[in-house]
Amino acid sequence: MTYPDAQAQPPDTPSPVAQRVLVLAAQLVLIAVGLYVAVESRSLGLWTKLGPGPGLLPLILGVALVGLAAAWLVQTVLDRRRATKSWDDDGPAEPLDRPYILGVVGGLIVLAAVMELIGFQISMAVFLFAELMFLGRQKWWVAASVALVGSIGVFVLFDRVLAVQLPLSSLPFLSGLGL
């Protein structure tokens, strides 16, 4: 989409200053949520006599969220410094890729809706394959490989290693196969 004036932005796009403030606010909120989850997970118990406790996974996820949000913050600061050295103005902001966002959110909604019916392994494999093929524009063999390794690997990790049950299919012929 082109605009007649090179400096013009779509009417629903916030100013560059407002965008920077919103990004910084989002980064700080994510760091705060990650810290809260990590601290509160300790009250659930990190380890039991039988293995991982109910607080171990929230602790790992909270620490990961803090780390990823901090990396995003550092990347934003570095990108901003590089941009100010090479350009005097901000130029037009990139618009949101709405079809991509709707594809991811729609895929997650469909995944949640069918997981109880066809089970975690099949539904996650189909979700990963579809997202990688259509939104990620990957080759079919790359999408299929990642989908199979991702769905089966996560299932084995949670079901066998961490002893956390993921949903099996409610269809008798699939649940009989262990799917």
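Treat the numbers as computed from the prediction; the structure is a model and nothing was measured.

Asks: Outline the overall build of the protein chain, supporting the account with residue identities and numerical values.
Replies: Tallying secondary structure elements over the protein chain gives six helices and two strands in all. The N-to-C order of helical and strand elements in the protein chain reads α-β-β-α-α-α-α-α. Looking at the 179 residues of the protein chain, the share that counts as buried comes to 18%. Roughly 12700 Å² of accessible area belongs to the protein chain as shown, and the carbon and sulfur atoms make up 72% of that amount.

Asks: Explain the pattern of salt bridges residue by residue, including any values.
Replies: Applying the stated criterion across every chain, the model contains one salt bridge. Its salt-bridge partner being Arg-160, residue Asp-159 comes within 2.1 Å of it at the nearest N-O pair.

Asks: Which residues make up the nonpolar core, and what are the values?
Replies: What tends to happen in soluble globular proteins is that the nonpolar side chains get buried as a cluster. Listed in full, the eight residues of the largest apolar core are Leu-111, Met-115, Phe-120, Met-124, Phe-127, Phe-155, Phe-158 and Leu-166. If you list the elements that add at least two residues to this core, you get α3 (98–118), α4 (120–135) and α5 (140–161). The biggest single contributor to this core is α4, with three residues. Filtering out sequence-adjacent residues up to four positions away, Leu-111 remains in contact with Ser-123, Met-124 and Phe-127.

Asks: Hey, could you go over the UniProt feature "transmembrane region" (unreviewed entry) in the protein chain for me, with residue numbers and the actual values?
Replies: The sites that UniProt annotates as "transmembrane region" (unreviewed entry) are residues 21–39, 59–78, 99–128 and 140–158. Helix makes up 100% of residues 59–78 and strand 0%, with an end-to-end C-alpha separation of 28 Å. Regarding residues 99–128, the helix share stands at 97% and the strand share at 0%, and the terminal C-alpha atoms are separated by 17 Å.

The rules behind these values
- Residues numbered from 1 in each chain as written.
- Predicted model: local features only at pLDDT ≥ 70, side-chain atom pairs only at ≥ 80, totals over all residues.
- Heavy atoms only, no water.
- Helix = DSSP H or I, 4+ residues; strand = E, 2+ residues; numbered from the N terminus.
- Buried < 20%, exposed > 50% of the residue type's maximum accessible area, 1.4 Å probe, protein only.
- Areas by Shrake-Rupley, 256 points an atom, 1.4 Å probe, with all protein chains shown as cover.
- Salt bridge = Lys/Arg side-chain N within 4 Å of Asp/Glu carboxyl O.
- Core = buried A, V, L, I, M, F, W, Y, C linked by side-chain atoms within 4.5 Å.
- Contact = heavy atoms within 4.5 Å.
- UniProt positions renumbered as here; feature names shortened; annotations may be inferred.

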